[in-house]
Amino acid sequence: MTKARSNSLNTYAMHGALILYVLIALFPVFVILINSFKTRKAIFREPLALPDADSFSMIGYQTVMKQGDFFLYFQNSLIVTVASLFFVLLFGAMAAYALSEYRFRGNTLMGLYLALGIMIPIRIGTVAILEMMVASGLVNSLWALILVYTAQGLPLAVFILSEFMKQVSDDLKNAGRIDGLSEYTIFFRLVLPLVRPAMATVAVFNMIPIWNDLWFPLILAPAEETKTLTLGSQVFIGQFVTDWNAVLSALSMAILPALVLYVIFSRQLIRGITSGAVK
Amino acid sequence: MTALSLNNVNKSFGPVHVLKDISLEVEDGEFVVFVGPSGCGKSTLLRVIAGLEDASSGDIRIGGELVNQTPPSKRGIAMVFQSYALYPHLNVRGNLTLALKQERQPKAVIEERVAEASRMLGLEPYLDRYPSELSGGQRQRVAIGRAIVRQPRLFLFDEPLSNLDAALRMNTRIEIANLHRQLSASMIYVTHDQTEAMTLADKIVVLRDGRVEQIGSPMELYNNPANRFVAGFLGAPSMNFLPAAALSPGDPREMGLRPEDIRLQSGGPIAGAVSHVEQLGGDTNVILQTATAPLTIRLFGQHTIVPGDDVQFGYDPARAYYFGDDGQRVS
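These figures come from a predicted structure and were not determined experimentally. (Residues numbered from 1 in each chain as written. Chains lettered and ligands numbered in written order. Predicted model: local features only at pLDDT ≥ 70, side-chain atom pairs only at ≥ 80, totals over all residues.)

Asker: Even after reading the chapter, I still don't get the overall build of chain A, so can you show me in this structure?
Answerer: Helix and strand content of chain A: 14 helices and zero strands. Along chain A, helices (α) and strands (β) appear in the sequence α-α-α-α-α-α-α-α-α-α-α-α-α-α when read from the amino end. Considered along the principal axes of its C-alpha atoms, chain A spans approximately 75 × 65 × 30 Å. Residue burial in chain A is summarised as follows: out of 279 residues, 33% are buried. A separation of at least 24 residues holds for 76% of the contacts in chain A among residues at least 6 apart in sequence. (Helix = DSSP H or I, 4+ residues; strand = E, 2+ residues; numbered from the N terminus. Buried ≥ 20, exposed ≤ 12 C-beta atoms within 10 Å, placed from the backbone. Contact = placed C-beta atoms within 7 Å.)

Asker: Looking at this model, I keep getting lost on the interface of chain B and chain A. Mind explaining?
Answerer: It is common to give the size of an interface as the accessible area that goes away when the parts come together. Contact residues are listed per partner, giving 17 residues for chain B and 13 residues for chain A. Put simply, the parts of the chain that give the side of chain B that touches chain A at least two residues each are strand S6 (77-80) and helix H2 (92-102) of chain B. Looking at the side of chain B that touches chain A, its residues break down into 11 nonpolar, five polar and one charged. (Nonpolar A, V, L, I, M, F, W, Y, C, P; charged D, E, K, R; others polar.)

Asker: How do you make sense of the sheet that holds S6(B) when you look at a structure like this?
Answerer: Where strands meet in a sheet, backbone hydrogen bonds hold them as pairs that are either parallel or antiparallel. All names here are of chain B. Read from one edge of the open sheet, six strands run S6-S7-S8-S3-S9-S10, paired in mixed fashion. Each end of this open sheet is capped by a strand with a single partner; those strands are S6 and strand S10 (211-216). Direction aside, the axes of adjacent strands within the sheet are offset by 20° on average. Relative to strand S8 (residues 186-191), strand S7 (residues 154-158) runs parallel, the two being bridged by five bridges. Its bridge partner being in S8, Phe157 is matched across the sheet by Tyr189. (Pairing = 2+ DSSP bridges. Axes fitted to C-alpha atoms, helices over the stretch in contact; angles between N-to-C directions.)

Asker: Which parts of the structure should I look at to understand the packing of helix H5 (residues 70-101) of chain A against helix H11 (residues 196-212) of chain A?
Answerer: For any two helices packed against each other, one specifies the crossing angle of their axes together with the interaxial distance. All names here are of chain A. Contact pair H5 / H11: the axes reach a minimum separation of 10 Å and the direction vectors enclose 145°. Crossing of H5 against H11: the hand is right-handed. Residue-level inspection shows Ser77, Val80, Thr81, Ser84, Leu85, Val88, Leu89, Gly92 and Ala93 of H5 in contact with H11, the latter providing Met199, Val202, Ala203, Asn206, Met207, Ile210 and Trp211. Residue classes in the contact of H5 with H11 are distributed as 11 nonpolar, five polar and no charged. (Left-handed = near helix turned anticlockwise from the far one by under 90°.)

Asker: I'm lost on the sheet that holds strand S13 (residues 262-264) of chain B in this one. Help?
Answerer: Residue and element names in this part refer to chain B. An order of S13-S17-S14-S15-S16 is seen for the five strands of this open sheet, with the pairing classed as antiparallel. With one partner strand each, in any of the chains shown, S13 and strand S16 (294-300) form the two edges of the open sheet. Adjacent strand axes in the sheet meet at a mean angle of 50° when their direction is disregarded. Across six bridges, the pairing between strand S14 (residues 270-279) and strand S15 (residues 283-289) is antiparallel. Within S15, the position partnered with Val277 by the bridge is Val286.

Asker: What am I meant to see in the packing of H2(B) against helix H3 (residues 107-121) of chain B here?
Answerer: Residues and elements named next belong to chain B. With their axes 10 Å apart at the nearest point, H2 and H3 run at an angle of 130° to one another. Our classification of the angle between H2 and H3 gives oblique. Crossing hand, H2 versus H3: right-handed. Where H2 approaches H3, its residues Arg93, Leu96, Thr97 and Leu100 are matched on the opposing element by Ile110, Arg113, Val114 and Ala117. Broken down by class, the residue content of the contact of H2 with H3 amounts to five nonpolar, one polar and two charged. (Parallel < 35°, antiparallel > 145°, perpendicular 65-115°, else oblique.)

Asker: Looking at this structure, how should I read the pairing of strand S1 (residues 2-13) of chain B?
Answerer: Side chains on a regular strand alternate between the two faces of the sheet. Residue and element names in this part refer to chain B. Here eight bridges tie S1 to strand S2 (residues 16-27), and the two strands are oriented antiparallel to one another. The residue of S2 that forms the bridge with Val9 is Ile22. In this structure, the hairpin formed by S1 and S2 is closed by a connection of two residues, where Gly14 is found at a positive phi of approximately 55°. The sheet contact formed by S1 and strand S4 (residues 57-62) spans five bridges and is antiparallel. Counted as the bridge partner of Leu4 is Ile62 from S4.

Asker: How should I be thinking about the environment of Thr150(A) in this particular structure?
Answerer: All names here are of chain A. Within the secondary structure, Thr150 sits in helix H8 (residues 142-167). Overall, the presence of 22 C-beta atoms within 10 Å leaves Thr150 in the buried class. Separated by 73 residues in sequence, Thr150 and Ser77 place their C-alpha atoms 14 Å apart. Look past the residues within four positions of Thr150 in its chain and what remains in contact with it is Ser84, Phe87 and Val88.

Asker: Is there a simple way to explain the confidence of the model for chain B in this structure?
Answerer: Residues shown with low pLDDT carry predicted positions that ought not to be read at fine detail. Taken residue by residue, chain B gives an average pLDDT of 90. The fraction at 70 or more is 100%. Complex prediction metrics read pTM 0.79 and ipTM 0.83. (pLDDT = per-residue confidence, 0-100.)

Asker: I would appreciate a short explanation of the nonpolar core in the present structure.
Answerer: Nonpolar side chains tend to gather and get buried jointly when the protein is soluble and globular. By size, the foremost hydrophobic cluster in this structure holds 129 residues, and its most contacted members are Leu145(A), Leu161(A), Leu156(B) and Ile188(B). In this view, Leu156(B) contacts Leu46(B), Ile49(B), Ala50(B), Ile77(B), Met79(B) and Ile188(B); residues no more than four positions away in its chain are not counted. Leu229(A), Ala250(A), Leu251(A) and Ala254(A) belong to the second-largest nonpolar core, a separate cluster that totals 11 residues. (Core = buried A, V, L, I, M, F, W, Y, C linked by C-beta atoms within 7 Å.)

Asker: How should the environment of Glu213(B) be read in this particular structure?
Answerer: All names here are of chain B. Of note, Glu213 is situated in strand S10. Residue class for Glu213 comes out buried when judged on the 21 C-beta atoms lying within 10 Å of it. Between the C-alpha atoms of Glu213 and Gln102, which are 111 residues apart in sequence, the distance is 39 Å. In this structure Glu213 touches Val206, Leu207, Arg208, Ala226, Asn227, Phe229 and Val230, once residues within four positions along its chain are discounted.

Asker: Explanation requested: H2(B) in the structure shown.
Answerer: Residues that lie three or four places apart on an α-helix share one face, since the helix turns once every 3.6 residues. All names here are of chain B. Turning to H2, its buried residues are Val92, Asn95, Leu96, Thr97, Leu98, Ala99 and Leu100. Where H2 is buried, its residues contact H3 and helix H4 (136-148). Immediately downstream of H2, the backbone of Arg104 shows phi near 55°, a positive value.

Asker: What's the story with the environment of Gly94(B) in this structure? I'm lost.
Answerer: All names here are of chain B. By the secondary structure assignment, Gly94 is in helix H2. Under the C-beta neighbour-count criterion, Gly94 is labelled partly exposed, with 16 such atoms within 10 Å. Sequence separation of Gly94 and Arg129 is 35 residues, and the distance between their C-alpha atoms is 9.7 Å.

Asker: Quick question: what am I supposed to make of helix H10 (residues 183-194) of chain A here?
Answerer: Residues and elements named next belong to chain A. In a regular helix each residue adds 1.5 Å, so 12 residues correspond to 16 Å; H10 covers 16 Å between its end C-alpha atoms and thus fits that length. Listing the buried residues of H10 in full gives Ile186, Leu190, Val191 and Leu192. Buried-residue contacts for H10 involve H5, H8 and helix H9 (170-178). (Expected span 1.5 Å × (residues − 1).)

Below, the structure is given as structure tokens:
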């Protein structure tokens, strides 16, 4: 370890590779951001140029603000994402705890059944889901999306969390039982804080696809008052004409909340990803 | 009064029969040690007594009360775990008081008991620290304190010293022995370490494969083991076993000789080449390769024996143990 560290060539090569990767990963985001501040002509003439005095324009953002109720879309996306994450984490952690902690008949089968959803894409069931939502009158409500995303996120959450729950010391849970804590207190007060890194991992893995999803909002909740941000942005993309200023501005703004949530979770996330591998 | 009595307790995990017809009694104020090799079921037995596992059959009585269906917190027990199992989100005071708060004890009682326990264990300076800020020995003392404040009818210790280093282990062992004297409480202590068992116990229960092999005071078990397993398990270095025919031709039994019952004797009946010598200062352990089996011999004081020497040893026939084919003691 110390030898590798003292070898400065290795260090530079490593950092060089990492910086290169960062540049590649951030490039599309960078292009979206700079172009969102340019006039339409400037976007097409020199897509990679920074906005200058001539080409600078806020027209994209103005269009977005005028067209449709952008803040409502924003709010819808946030409600759907946060509520879905909450339910995925709550029910996922509870199921994972039951699977890892209690011995009961069919435990392994139940675990496999719950993990099955990882392999089967939920979109295959779209028609059936739509029928169900129509029957229950949930179409064009945010609940339709929250329920579907919760179902979509649970398999992976149960799978990851149950692995982590198994690592929580049995002695600790037993100490709680002897001290008279209820199973719920043991779960919420002793076990959950110890698997927080894993929870953050699950949250991030689930958050991005939900935030970016177009499919289910389009099918289950396309009404004006329940549109999500991704769906709302689609009005600027036409079959023949696309208002690139507006699209790029909408996308730039859509990055922000995901970024904020990610920053909140990221410290925990890194610990969650590495803890299984390193220990 | 009996603090604990087990009557034909069985425990199975699916097809695996872990505890087989265990019956034993723990008197009030008695220090009982469960000892046995790993996987013998001693920890499972402790968990069954604590109520963390249900017994498949049999009666468990604590203080005369049948507790088979009673949850762990209502059994009047307190447990100290090998990994300390302190609540990471609570400071030492919080760890000590949690169980009392769950029992809805009045504040004055809680404070008095915490003060008492922290005085006994020297925990006063650490009351506001969190478990992560304590050393291993301090954590174990907090874990013991958490048991003391509950004033249980029965203390359960699950290998509490295994995570401590050798010096600290000895200190804590003495502390636990003192604690037992001060509290005069009934205690059950699980360990795989026969030194801990011999030094702490009023009564030792030797377990193997989920069965009780023998119950008795340390010296009873040491001087009068019921079978080959108990004889070999207690005592360090452990007893030597050799076919009795090696010393008295025609004898079909197996003979057991404790290392300290063999002495230097020129022309003695036990002869062989020394293969290894351990000089411990106070005594000397000699590994002797005889014609039939390697023997460990413990000589008191320092001896100038080196590997390769041919040495003869004698033994006191009255202190030899004999075992039959089934491993049971014959005489």
